[in-house]
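Report on the structure
Given next are the chains, with one letter for each unit.
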Amino acid sequence: MSTPVGLISLATASPPHELLQTEVAEVARAVLQDRFPQFDRMAPVFQTVGIRTRQSAMPMEWYLKPRGWPERMEAYTRVAVELFEQAARRALDEAGLTGAEVDIIVTVSSTGIATPSLEARAMGRMGFRSDAARVPVFGLGCAGGATGLALAARLAAAEPGKRVLFVCVELCTLSFRMDGLSKADIVATALFGDGAAACVLRAGAEGFAEVVGAAEHTWPDTLDIMGWRVDPEGLGVIFAQAIPPFARKHLRPAMDSMLAGQGLEVDAVDRFICHPGGVKVIEALESALDLGQGALDHERAVLADHGNMSAPTVLYVLDRARRAGLPRRSVLAALGPGFTASTVTLRAA
């Protein structure tokens, strides 16, 4: 990135409904065991994914009744706007700004459909100016935190002085289904949580870090690894191939290539800040990048406390890493549908 962009603030927001993993496992057994013959064989995933608690958009009993698109999208629109506002306000407060001082708003979300989009629905609440540029982005999935941050930084670099607000909101739990169950649905039930995160960026401004580079790598013929299918009842999760072995085999060459474009090597990175898709994904990342077992400690902590929230999750990890003290050079990394690896290179202030 030719113009370094200051990452001025970072904030997160979680919905109010706390889900204990032990309780989710018990309820899932009671509700799904008779519907899915392979449930007993799949049940250990609730213990092995590395999650203690998660937060959800709706109380647990809401998920136990059949829901269609209208009910799911009503819940998505209402809760997503609330979380957008919470995360955005916290990020703006930390930056010492108001909504009226925001020039560009980048919104990332792939777990619901809202037109007008979330930032438009929040404009009155947030006090955004009528001439603020709106950039809603859909379809990035778990890579959205990294790709969205890179997009926001590129927009800030292209218009020095402009204040860019980046917000990502995902309500993964709204995809929970009791019809047509598959192995992927059971894994998603054990894994997904909800959350939001927001950042303020500005070229030339001082912050806790600078965005100095970004890169992506999309592997050919991998559309079936991760994504959503659109069914009459709602979104259905796609996990057609196991992600950990794919990451263990293919991530390192892609990372070498992405860093080489910035004149860097893996050994020059002081800390990788990764999206924790699950414990096995974390272990695969540590192996692929030669980090040593246990190196991705913030990733494990976020996963344990919040589950996999898709796009915002890597920003939760970044928040923990910055509070612990960012090293001089770190690389934010996330894997998402496409199948794509997305990275953002940061230099600590």
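Note that the structure is predicted; figures quoted are calculated from it, not measured. (Residues numbered from 1 in each chain as written. Predicted model: local features only at pLDDT ≥ 70, side-chain atom pairs only at ≥ 80, totals over all residues. Heavy atoms only, no water.)

1. Digging into the overall build of the chain
Each helix and strand counted, the chain has 12 helices and 13 strands in total. Relative to its length of 349 residues, the chain is compact, with a C-alpha radius of gyration of 19 Å against a globular reference of 20 Å. Taken along its principal axes, the extent of the C-alpha atoms in the chain is 60 × 50 × 35 Å. With 349 residues in all, the chain has 58% of them scored as buried. Considering only intrachain contacts with a sequence separation of at least 6, the fraction spanning at least 24 residues in the chain is 79%. (Helix = DSSP H or I, 4+ residues; strand = E, 2+ residues; numbered from the N terminus. Rg over C-alpha atoms; globule rule 2.2 N^0.38 Å. Buried < 20%, exposed > 50% of the residue type's maximum accessible area, 1.4 Å probe, protein only. Contact = heavy atoms within 4.5 Å.)

2. Things to note about the packing of aromatic side chains
Applying the stated rule across the entire model yields 7 aromatic pairs. Here the aromatic rings of Phe84 and Phe128 are separated by 6.5 Å at their centres, their planes lie at 85°, and the arrangement is edge-to-face. On the criterion of sequence distance, the pair formed by Phe84 in helix α4 (residues 69-95) and Phe128 in the loop between α6 (123-126) and β5 (133-137) is long-range, its members being 44 residues apart. Overall, Phe84 belongs to the buried group, its relative accessible area being 0%. Ring centres of Trp219 and Phe339 lie 5.9 Å apart, and the angle between their planes is 25°; this geometry places the pair in the stacked category. Taken as a pair, Trp219 in the loop between β8 (209-218) and β9 (227-231) and Phe339 in the loop between β12 (329-336) and β13 (340-348) lie far apart in primary sequence, 120 residues in all. Classification of Trp219 by relative accessible area gives buried; the value is 10%. Relative accessible area serves as the criterion here: at 0%, Phe339 is assigned to the buried category. Pairwise contacts between aromatic rings join Trp219, Phe246 and Phe339 into one cluster. (Phe/Tyr/Trp six-rings, centres within 6.5 Å; stacked < 30°, edge-to-face > 60°.)

3. Remarks on the domain arrangement of the chain
Assigned domains of the chain: these are domain 1 (5-203) and domain 2 (209-348). For domain 1 and domain 2, the distance between their C-alpha centres works out to 17 Å. Counting from both sides, the interface comprises 58 residues of domain 1 and, opposite them, 45 residues of domain 2. Considering only the side of domain 1, the residues that lose the most area to domain 2 are Leu10, Trp69 and Cys142, jointly responsible for 17% of the buried surface there. For the interface between domain 1 and domain 2, the tally reads 3 salt bridges. A salt bridge links Arg229 to Asp185, with the nearest nitrogen and oxygen atoms 3.8 Å apart. At the boundary of domain 1 and domain 2, one finds 21 residue pairs in polar contact (both at pLDDT 80 or more). Residue assignment for the side of domain 1 that touches domain 2 shows that the elements contributing at least two residues are β1 (5-13), β3 (53-56), α4, α7 (144-158), β6 (164-171), α8 (183-191) and β7 (194-203). Element by element, the count of residues in the side of domain 1 that touches domain 2 is highest for α7, at 8 residues. (Domains from an automatic or database assignment. Buried area = accessible area lost by both parts, 1.4 Å probe. Salt bridge = Lys/Arg side-chain N within 4 Å of Asp/Glu carboxyl O. Polar contact = N/O pair within 3.5 Å; in protein donor to acceptor, adjacent residues only side chain to side chain.)

4. With respect to the layout of surface pockets
Estimated volume of the largest pocket: approximately 740 Å³. Lining the largest pocket are 35 residues, with Val187, Ile243, Pro244, Lys280 and Val281 positioned closest to its centre. Those elements that provide at least two residues to the lining of the largest pocket are α2 (39-42), α3 (45-48), α8, α9 (243-260), α10 (279-288), β12 and β13. It is α9 that contributes the most residues to the lining of the largest pocket, 5 residues altogether. (1 Å grid on protein atoms, 1.4 Å probe; cavity = no way out; pocket = protein on both sides within 12 Å on 5 of 7 lines; lining within 4 Å. Points joined across faces, edges and corners; volume = space filled by probe spheres on them.)

5. A few points about unusual backbone geometry
For the bond from Thr115 to Pro116, the omega torsion is 5°, close enough to zero to count as cis. Position of Pro116 among the secondary structure elements: in the loop between β4 (104-108) and α5 (118-121). Cis rather than trans, the peptide bond between Gly338 and Phe339 has omega equal to -10°. The residue Asp221 is not glycine, and still its phi comes out positive at about 60°. Judged by relative accessible area, Asp221 falls into the exposed class, the value being 79%. For Asp290, which is not a glycine, the phi torsion comes out positive at approximately 55°. Summarising the element assignment, Asp290 is placed in the loop between α10 and α11 (297-306). Judged by relative accessible area, Asp290 falls into the exposed class, the value being 61%.

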